[in-house]
Structures are given as structure tokens and as C-alpha cells.
Amino acid sequence: MLKYKVEIIDELKKAGYSTYRIRKEKILAEGTMQRIREGSTTINLESLGVLCNLLKCQPGDLVEWVPEE
């Protein structure tokens, strides 16, 4: 299963992207933001790419695979 390695919302805020700004500038869909808030990793690759672009990082910096027990 995939899980986030960092708190995405906190990292976006550090990079200057409040949830208000993301919504206002239509950077990510509200549904995507809601799934991130809930900790769901079911976002599409395009959204993951947007996050990596905003945070200047690689996908592996944001998510990791953890074996299910």
C-alpha cells in the first residue's frame, strides 16, 4: 500500500501554497485536495506531478510503498 511520507498540506503551506490559493488559482481540483486532507493516496499521476512541481521534489519524496500485513 502507498502512504504519504510527509504532510502534503503542511509542505504546500511552507512552499507558499495555501489551500485557498490552490482553490482560487485552480492548481488542483477540490476533490484531489479533499483526498489529500483525508490521507488518501488515490490521486492521479497528473496531480502527483503538480505536487512535485509545486514542492520541487520527486514522487518518492512524497509517497512510499509499505507492505500490507
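Further up the page is the structure itself.
Residues numbered from 1 in each chain as written. Predicted model: local features only at pLDDT ≥ 70, side-chain atom pairs only at ≥ 80, totals over all residues. Heavy atoms only, no water.

Peer 1: It is not clear to me how the overall build of the protein chain should be interpreted in this structure. Could you clarify?
Peer 2: If you tally the helices and strands in the protein chain, you get five helices and two strands. Reading the protein chain from its N terminus to its C terminus gives the helix and strand order β-α-α-α-α-α-β. Expected size for 69 residues packed as a compact globule is a radius of gyration near 11 Å; at 12 Å, the protein chain falls within 12% of this value. Principal-axis analysis of the C-alpha atoms gives the protein chain an extent of 40 × 20 × 20 Å. Classification of the 69 residues of the protein chain by burial places 29% in the buried group. Sequence separation of at least 24 residues holds for 57% of the intrachain contacts in the protein chain that already meet a minimum separation of 6. As displayed, the protein chain has an accessible area near 4,900 Å², and 50% of this comes from carbon and sulfur atoms. (Helix = DSSP H or I, 4+ residues; strand = E, 2+ residues; numbered from the N terminus. Rg over C-alpha atoms; globule rule 2.2 N^0.38 Å. Buried < 20%, exposed > 50% of the residue type's maximum accessible area, 1.4 Å probe, protein only. Contact = heavy atoms within 4.5 Å. Areas by Shrake-Rupley, 256 points an atom, 1.4 Å probe, with all protein chains shown as cover.)

Peer 1: Can you help me understand the environment of Lys14 in this one?
Peer 2: The residue Lys14 is located in helix H1 (residues 8-14) in this model. In this structure Lys14 comes out as exposed when scored by relative accessible area, which is 67%.

Peer 1: Can you walk me through the nonpolar core in this structure?
Peer 2: Side chains of a nonpolar character, in soluble globular proteins, are inclined to be buried together. Residues Ile8, Leu12, Ile36, Leu51 and Leu62 are the most contacted members of the largest nonpolar core, which totals 18 residues. Residue assignment for this core shows that the elements contributing at least two residues are H1, helix H3 (30-38) and helix H4 (45-55). The element contributing the most residues to this core is H4, with five residues. Those residues within four positions of Leu51 in sequence are excluded, and the remaining contacts are Ile8, Leu12, Leu28, Ile36, Ile43 and Leu62. (Core = buried A, V, L, I, M, F, W, Y, C linked by side-chain atoms within 4.5 Å.)

Peer 1: Any chance you could explain the environment of Leu12 here in plain terms?
Peer 2: Turning to its location among the elements, Leu12 is positioned in helix H1. Considering only alpha carbons, one finds Leu12 and Leu54, 42 residues apart in sequence, at a separation of 7.5 Å. With sequence-adjacent residues up to four places away left out, Leu12 is seen in contact with Tyr17, Ile22, Met33, Leu51, Leu54 and Leu55.

Peer 1: Could you clarify how one ought to interpret H4 in this entry?
Peer 2: Each α-helix winds once per 3.6 residues, and so residues spaced three or four apart point in a common direction. Taken residue by residue, H4 has Ser47, Leu48, Leu51, Cys52, Leu54 and Leu55 as its buried positions. Burial along H4 is one-sided: seen end-on, the buried residues are contained in an arc of 165°. Among the exposed residues of H4, those oriented more than 90 degrees off its buried face are Leu45 and Glu46. For H4, the side-chain oxygen to backbone nitrogen distance between the N-cap and Glu46 is 3.1 Å, and the N-cap itself is Asn44. (Arc of directions from axis to C-beta. Polar contact = N/O pair within 3.5 Å; in protein donor to acceptor, adjacent residues only side chain to side chain.)

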